[in-house]
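Chain by chain, the residues run as shown.
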Amino acid sequence: MAGNEWIGGYLDAILDSGAGRDDGQLAAKKIGADKEALTAAKYFVNEVTGYDDAALYRTWIKASATKYPQERGNRMEYLCWRIWHIARQKKKLEWEDAQNMARRHLELQRGAKEAMDEMSCEDLSEGEKENRPELAPIAEGTEISIGKPGGAAEATSPGQKPAKKLYIVLISLHGLVRGDNMELGRDSDTGGQVKYVVELARALALMPEVYRVDLLTRQICDPSVDYEYGEPTEMLTAGSYDEDSEAGESSGAYIVRIPCGPREKYIRKELLWPYIQEFVDGALAHILNMAQVLGEQIACGESVWPHVIHGHYADAGDSACLLSGALNVPMVLTGHSLGRNKLEQLLTQGRENHGKINATYRIMRRIEAEELSLDTAELVITSTRQEIEEQWGLYDGFNVKTERALRLRARRGISCHGRYMPRMVVIPPGMDFSNVIVQDAGDVVDDVDSLAFTNSDGTITTPVSPRADPSIWSEILRFFTNPHKPMILALARPDPKKNITSLLQAFGETRALRDLANLTLIMGNRDDIDNMSGGNADVLVQILKLIDKYDLYGQVAYPKHHKQFEVPEIYRLAAKTKGVFINPALVEPFGLTLIEAAAHGLPMVATKNGGPVDIQKALSNGILVDPHNPKEISDALLKLVADRNLWTECRRNGLKNIHLYSWPEHCRTYLSKIAQCRMRHPQWQNDNFVDDNNDAESQGDSLRDIRDISLRLSLDGDKLTSASSRSPAEFLKAIERYGGKDSNSDSMKALRSMKSGGTKFDDRVPDAIKRSVSGMGEKNNGMYHNSKIATLRRRKRLVVIAVDSYDSSGNPNDMALKVIKSAMKTARNEARTTGLILSTALTVTEAVNMLSSGGISVHEFDCLIVSSGSELYYPSSGEDGGSDLHVDADYATHIDYRWGGEGLRKTLATIFTPEQVDGGRKAERTVAEDEEGFNSHCLAYKVLRPQQALTVDEVRRRLRQRGLRCHVMYSRNETKMHVIPLLASRSQALRYLFVRWGLDVASMFVIVGETGDTDHEELLSGTHKTVVVKGAVTSGCDKLLRGSSNYARGDVAPAEGPYISTAENVDDIGAAMKKFS
């Protein structure tokens, strides 16, 4: 073959693709004879293209085996140019990726710089500008008690027993989740995260402060999986670490399975995105029910809201965002693995372009979910510092320097101009040591063969008597010719990023290591390789080929099956043989298996990329290696196996320090961190005071208690709202009657002074109390007395009209009125059990004028959701002949969270200011302020040039980079743009009505067009019934929603399903609604 003409052409191709001349000479040397064809194939496929292409490899072998020289030469020449083309394509992708990364890096830097510039430093001293210390930690010796349901944490003395009244909600959406016999490794969705969340739920429920923990996941009734995954609830534990604690009727930890998506089909996580809102609505119904149940048990009838809602992974983070916004409770996030990091790795490999990666992994939808989670989360929990700096730092919504500056300003009471970034904390995962048995522990405890940890902290041990060998031992040992050699153990699913092939290569190429040790690969469970997912099957096939290549039979074990309870026995076997545990992953976010191995007395060799760095720093029980260097891997393994003193030292260090990773330690840190979250539970049902540490908000919080009582009185028919009852004496009497707190506050003292004869308001009296006492708040208080809320709460069904039908000028057209009249006709047929809600981007004045133009009275509606969901109005009952619309002040307070206000307005002015183009002239403006559309929670803009306007995702990206969180929506046929609070939207307003007035979302019918405003897709998904009216909307704002390289509507809402019906025309709306029954 050395004389074939294709060699010269191929070497030229190598040089043209960028490889050095030395590489060409090396290639020529390697292609010397037919017997080296395999080496040549490996070189050309791996070295030139940069990855192992199995199809190309097989083609190479077939071509080299061709009988006739001429045909072989032609086929080889063709194959060479094929490889050259792949190499060129790879370099092109690498160049594009480098350009995109550089551009993105500059944008992130620019956004951070502008955020710092806009937050003027004039209000900081010179020392504060230069030195920006971290916030002071909680003082040692102080336990954090999260005592009151719906209230914030209180500091208690060390001897004081905390109240057991905390309700925590965890969400882990994908995979197969159950408490026992977890099928870890069955597929890529059922891995370490499943084990982590189940054990976290158990451990939190055992803490003395915690009353109940709910782990929410998806209900799966697929016949191909165990029936247990279809059970609505599963108890994990009902006990407590505190033996004196009395468990209540509903206390403990539970798995709660919420139905969403295909009823009888288990689907992978990439296909779950369209069903997120359906899951949210089901979870919201469960939480509202549980809040009442727990209130009756431990809070004298007052609802007990979740202390936090904790989302795990991007899909659960997206769900937690919506639940947190609907309930107005703090959100916590744990990413586990991050989309931007994965996208970078896949692009670096060069095998697929951005479009193919997005189609396979829905990566852009995942990244947007993670960005939304950063928008809402108050706390982000990571396993390592590397995750904060190198992974979360890739996101628009987080910048380390900006976050520290914002925290410093907030701590000193200096305005952040509406900017916010979540706080990141490192809390390593925990482990339950109560069932761990350390094999051959004579080197740790004198005269003891084996010992067991008898407490969950891993601090107390007890000798145990010898036991019979577990069956899994014989299943592994049957592979070995010499089972007495030390065992190198790797436990990971066969995923390319787990890098098992490099481990096998290191083992196979190091003769000394093969002579000293055996290798055991625990790679999940499998029945038939052909039935495995493509990536996992490819890795397993490569492993089998490498075993054959290096002739490792009798030295490598790779059992097909193991049960979860047998994993500790596998660790014990490795420790018994004086073996080593290895994790060679390319990047390991944390490395829980390293903790488990250390607890069983196994030294470790682990990747230096990610969490193992922190684990090694804490335990000092092994060696870190470069996972891309097989020689470094083999040298580290050989060093630990051959040096008995080093092996013993690493083993002792691991056992001595392992208590740092116990679940009680994890939970204590976890509870202390979430205790610092700002409590913002639904104010209309919360009389409990807020964390005294929030000094800046204490006055407003005490005011809420008084206002809440006033609201409850008006709903209960009390006469407090009448003019004759608004004296200080009557107000105080009502407060005392309904259990007002903090009777010695300045506000209460001031009211008592007025009761005793004072006539003027003291400065200590908040404005809201002045309005309630003096009659200034008469209109607002009368809202609940005179509006249709009482009628609204009795509705069995609600018809929500959300058809965005406008003409080219952005004004409602005739079709909008036709839809409304058709919906009204359907509602009248249901007598008084069906109500009407209008949901629109129009202002309240424009909505009333539109209805009037069609001869429709506003009193036909129970509620108006206007300005894209930034305001809620209730029409008056009509009994008094009035025509007032009463704004929901509680909703305004509800959505105020992280609202940028004037600071946001200034930043948007900067973003929308045209940049200079060629010649020094400025481009024309695309949007301009529309002050007539402004309200307290909506910034309105006229869209002057829709073709040049920034898309929604581009505007949000720029705002996130500056620390501003909000919803951006184009509306009214691309003529308007609304910027509203993060918690506000038309879909979230429906959930607010569910929480506020008990109007179940599942009883709502939402009428929409085939397109509409950019928030149209949010109205399509959920447990409400969606009626899509064909032809009702001829043009919408879809083109201004996202770029072409982003995710599609199908990743947000399903195209069809049991909750979606289609009306062929306006007159068919009633028939379409009947299809649901």
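Criteria and thresholds
Residues numbered from 1 in each chain as written. Predicted model: local features only at pLDDT ≥ 70, side-chain atom pairs only at ≥ 80, totals over all residues. Heavy atoms only, no water. Helix = DSSP H or I, 4+ residues; strand = E, 2+ residues; numbered from the N terminus. Buried < 20%, exposed > 50% of the residue type's maximum accessible area, 1.4 Å probe, protein only. Contact = heavy atoms within 4.5 Å. Axes fitted to C-alpha atoms, helices over the stretch in contact; angles between N-to-C directions. Parallel < 35°, antiparallel > 145°, perpendicular 65-115°, else oblique. Left-handed = near helix turned anticlockwise from the far one by under 90°. Nonpolar A, V, L, I, M, F, W, Y, C, P; charged D, E, K, R; others polar. Salt bridge = Lys/Arg side-chain N within 4 Å of Asp/Glu carboxyl O. Expected span 1.5 Å × (residues − 1). Pairing = 2+ DSSP bridges. 1 Å grid on protein atoms, 1.4 Å probe; cavity = no way out; pocket = protein on both sides within 12 Å on 5 of 7 lines; lining within 4 Å. Points joined across faces, edges and corners; volume = space filled by probe spheres on them. Phe/Tyr/Trp six-rings, centres within 6.5 Å; stacked < 30°, edge-to-face > 60°. Lys NZ or Arg CZ within 6 Å of the ring centre and 35° of its normal. Right-handed = clockwise from strand over helix to strand, strands pointing away.

### Quick look at the overall build of the protein chain
Secondary structure assignment for the protein chain yields 37 helices and 31 strands. Relative to its 1077 residues, the protein chain shows a buried fraction of 58%. Look at the contacts in the protein chain between residues 6 or more apart in sequence, and 69% of them connect residues 24 or more apart.

### Considerations on the packing of helix H20 (residues 592–599) against helix H21 (residues 612–619)
Relative orientation of the contacting elements H20 and H21 amounts to 25°, with a least axis distance of 10 Å. By the criterion of interaxial angle, the relationship of H20 to H21 is roughly parallel. Of the two possible hands of crossing, H20 and H21 adopt the one that is right-handed. Every residue of H21 that contacts H20 at Leu 594, Ile 595 and Ala 598 is listed here: Pro 612, Ile 615 and Leu 619. Classifying every residue of the contact of H20 with H21 by side-chain character gives 6 nonpolar, no polar and no charged.

### Looking at unusual backbone geometry
Most peptide bonds are trans, and most residues other than glycine sit at a negative phi. Residue Asn 973 is not a glycine yet carries a positive backbone phi of 60°. If you trace the backbone, Asn 973 turns up in the loop between strand S27 (967–971) and strand S28 (976–980). You can call Asn 973 buried: its relative accessible area is 16%. Look at Glu 974: it is not a glycine, yet its phi comes out positive at around 65°. Counting through the fold element by element, Glu 974 comes out in the loop between S27 and S28.

### Description of the packing of helix H22 (residues 630–642) against helix H23 (residues 644–657)
Two elements in contact, H22 and H23, have axes whose closest approach is 5 Å; the angle formed by their N-to-C orientations is 95°. Judged by the inter-axis angle, H22 sits roughly perpendicular to H23. For the pair formed by H22 and H23, the contact residues are Lys 639, Leu 640, Val 641 and Ala 642 on the first element and Arg 644, Leu 646, Trp 647 and Cys 650 on the second. Partitioned by chemical class, the residues of the contact of H22 with H23 number 6 nonpolar, no polar and 2 charged.

### Notes on the pattern of salt bridges
This model, assessed by the stated rule, comprises 47 salt bridges. For Glu 596, the salt bridge identified is with Lys 195, shortest N-O distance 2.2 Å. Within this pair, whereas Glu 596 is found in helix H20, its partner Lys 195 is found in helix H7 (residues 192–205), the two being separated by 401 residues in sequence. Owing to a relative accessible area of 7%, Glu 596 belongs among the buried residues under this scheme. The shortest N-O distance in the salt bridge between Asp 375 and Arg 960 comes to 3.0 Å. On the criterion of sequence distance, the pair formed by Asp 375 in helix H12 (residues 363–376) and Arg 960 in helix H35 (residues 952–961) is long-range, its members being 585 residues apart. Accessibility expressed as a relative area gives 4% for Arg 960, which makes it buried.

### Focus on the side chain of Glu 387
Here Glu 387 shows up in helix H13 (residues 385–391). In this view, Glu 387 contacts His 336, Thr 382 and Trp 392; residues no more than four positions away in its chain are not counted.

### Some details on H12
For H12, with 14 residues, the first-to-last C-alpha span of 20 Å sits near the 20 Å given by 1.5 Å per residue. Most of H12 sits out of view: 14 of its 14 residues are buried.

### Considering the sheet that holds strand S30 (residues 1025–1029)
Strand order across the open sheet formed by 8 strands is S24-S23-S22-S21-S20-S29-S30-S31, with mixed pairing between neighbours. If you trace the sheet from one side to the other, it starts and ends with strand S24 (885–887) and strand S31 (1060–1063), each paired once. Put simply, the sheet's adjacent strands are angled 25° from each other on average, direction ignored. Taken together, the 5 bridges between strand S29 (residues 1004–1009) and S30 define a ladder with parallel strand orientation. What sits directly across from Val 1008, in S30, is Val 1028. The strands touched by helix H31 (residues 814–828) within the sheet are strand S20 (797–801), strand S21 (834–839) and S29, with S21 carrying the most contacts at an inclination of about 160°. Packed onto the sheet, helix H36 (residues 986–997) meets S20, S21, strand S22 (863–866), strand S23 (871–875) and S29 and runs at close to 55° relative to S23.

### So, empty space enclosed by the protein
A full pass over the atoms with the stated rule returns 9 cavities of 30 Å³ or more. As a volume, the largest cavity reaches approximately 590 Å³. Contributing to the lining of the largest cavity are 32 residues, with Glu 368, Leu 372, Arg 956, His 967 and Glu 1018 lying nearest its centre. Those elements that place two or more of their residues in the lining of the largest cavity are helix H8 (276–298), helix H9 (313–327), H12, H35, S27 and H36.

### Focus: the environment of Lys 578
You can see Lys 578 is positioned in the loop between helix H19 (567–576) and strand S17 (580–583). Separated by 69 residues in sequence, Lys 578 and Trp 647 place their C-alpha atoms 8.1 Å apart.

### A closer look at the packing of aromatic side chains
The tally for this structure, following the rule as stated, stands at 9 aromatic pairs. For the pair Tyr 196 and Trp 663, a centre-to-centre distance of 5.7 Å together with 50° between the ring planes defines the contact as tilted. In this pair, Tyr 196 sits in helix H7 while Trp 663 sits in helix H24 (residues 663–674), placing the two residues 467 residues apart along the sequence. With relative accessibility at 7%, the residue Tyr 196 sits in the buried group. Chaining the aromatic ring pairs together yields one cluster made of Phe 912, Phe 934 and Tyr 941. Against the face of Tyr 395 rests Arg 340, its NZ or CZ located 5.3 Å from the ring centre. Above the plane of the ring of Trp 647 lies Arg 644, whose end atom (NZ or CZ) is 5.3 Å from the centre.

### Some details on the sheet that holds strand S15 (residues 518–522)
Here 6 strands make up an open sheet; going across it, the order is S16-S15-S14-S17-S18-S19 and the pairing parallel. One side of each edge strand has no neighbouring strand; the edge strands of this open sheet are strand S16 (556–557) and strand S19 (622–625). Where strand S14 (residues 487–491) meets S17, 2 bridges bridge the pair, whose relative direction is parallel. Directly across from Leu 489, in S17, lies its bridge partner Phe 581. This element, helix H16 (residues 500–509), spans S14, S15, S16 and S17 of the sheet and lies at about 170° to S15. In this fold H21 packs onto strand S18 (604–607) and S19, with an angle of close to 150° to the strand it touches most, S18.

### Thoughts on the pairing of strand S3 (residues 166–171)
S3 sits mainly inside the fold: 6 of its 6 residues count as buried. Both faces of S3 are covered, namely the face carrying Leu 166, Ile 168 and Leu 170 and the face carrying Tyr 167, Val 169 and Ile 171. For S3 and strand S4 (residues 210–218), the ladder comprises 6 bridges, and the chain directions are parallel. Paired with Leu 170 across the bridge in S4 is Leu 215. Handedness of the crossover joining S3 and S4 through H7 is recorded here as right-handed. The sheet contact formed by S3 and strand S7 (residues 308–312) spans 4 bridges and is parallel. Bridge assignment links Ile 168 to a residue of S7, and that residue is Val 308.

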